[in-house]
Amino acid sequence: MIFVNKRVIVLLAVLALAGCTHARSATGPVPNPSLNLPQGNLSIAGSGGPELSLHVQIAETDQARETGLMNVKKMPDQVGMAFLFHPPTLGPFWMKDTLIPLDIVFWDGRGRVVNAFTMAPCKADPCHQYDPAAFYVGAVEMNAGLVAAKGIHPGDTVTLTR
């Protein structure tokens with residue numbers, strides 16, 4: 001006969017519930033599963049159309065920002081990748097080794113869209129550079145066509161939650 005301490009049973013039950021809670025809090029698909037990045041939700045709201053909502057991976061390090069969506073062959077319309085910068089920056093983006101067309105939206109420290117582009121894939125140097133011509137603290141890449149479909153314009157509001 002096996003005797004089990006009641007405290008052990010309670011502890012195992014708590015751990016099992018914690019595991020279930022964690023599994024339920026999974027936030028959805030990510031565009032580049034090869035990168036183990038933090039995740040969040042990003043929305044862009046404005047007067048041009050319905051709000052755009054994306055589940056995003058968050059690239060905050062130089063290495064994560066450099067890799068970004070390279071070699072990603074497809075991704076669902078409801079996901080993207082957010083790139084965060086501290087302090088604000090002026091640098092352009094390019095599409096080296098990016099296989100799918102993407103839209104990019106840049107926003108400033110007040111959470112306002114400063115510029116947006118549709119970017120074409122690039123397999124060989126030199127690649128076109130997409131320069132927002134303004135300081136920005138964040139940029140988000142998503143499937144091409146979403147910016148136009150949602151009517152996103154400079155001045156719209158970006159909100160990122162983790």
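The structure presented is a predicted model; accordingly, all values stated were derived computationally and were not measured.

Colleague: Quick rundown of the state of the cysteines? Include the residues and the values.
Modeller: Within the structure shown, the criterion is met by one disulfide. Paired through a disulfide, Cys122 and Cys127 show a sulfur-sulfur distance of 1.9 Å. With the S-S dihedral at roughly -85°, the linkage between Cys122 and Cys127 falls on the left-handed side.

Colleague: Would you mind going over the environment of Ala144 in detail, with residue names and values included?
Modeller: Tracing the backbone shows Ala144 in the loop between strand E8 (136-143) and helix H3 (146-150). In sequence terms Ala144 and Phe117 are 27 residues apart; their C-alpha atoms lie 9.0 Å from each other. Excluding residues within four positions of it along the chain, Ala144 makes contact with Pro101, Leu102, Asp103 and Thr118.

Colleague: Tell me about the sheet that holds strand E1 (residues 39-45), and name the residues and values.
Modeller: The mixed open sheet is built from seven strands, whose spatial order is E6-E5-E8-E3-E2-E1-E9. Unpaired on one side and paired on the other, strand E6 (113-119) and strand E9 (157-161) mark the two borders of the sheet. Across the sheet, the axes of successive neighbouring strands diverge by a mean angle of 30°, strand direction being ignored. Taken together, the five bridges between E1 and E9 define a ladder with antiparallel strand orientation. Bridging from a neighbouring strand, Ala45 pairs with Thr157 of E9.

Colleague: Provide a residue-level description of the pairing of E6, including the pertinent values.
Modeller: When strand E5 (residues 102-107) meets E6, the two strands line up antiparallel, connected through six bridges. Considered in E6, the bridge of Ile104 is made with Phe117. Counted along the chain from E5 to the antiparallel partner E6, the turn is five residues long, and its residue Gly111 has a positive phi close to 80°.

Colleague: Now, about the confidence of the model for the protein: what can you tell me, with residues and values included?
Modeller: Chain-level pLDDT for the protein is 85 on average; 83% of the residues reach the 70-or-more range. In the predicted structure, residues 1-26 sits below a pLDDT of 50 and forms one contact with residues beyond four places in sequence or in another chain.

What counts and how
Residues numbered from 1 in each chain as written. Predicted model: local features only at pLDDT ≥ 70, side-chain atom pairs only at ≥ 80, totals over all residues. Heavy atoms only, no water. Disulfide = S-S within 2.5 Å. Helix = DSSP H or I, 4+ residues; strand = E, 2+ residues; numbered from the N terminus. Contact = heavy atoms within 4.5 Å. Pairing = 2+ DSSP bridges. Axes fitted to C-alpha atoms, helices over the stretch in contact; angles between N-to-C directions. pLDDT = per-residue confidence, 0-100.

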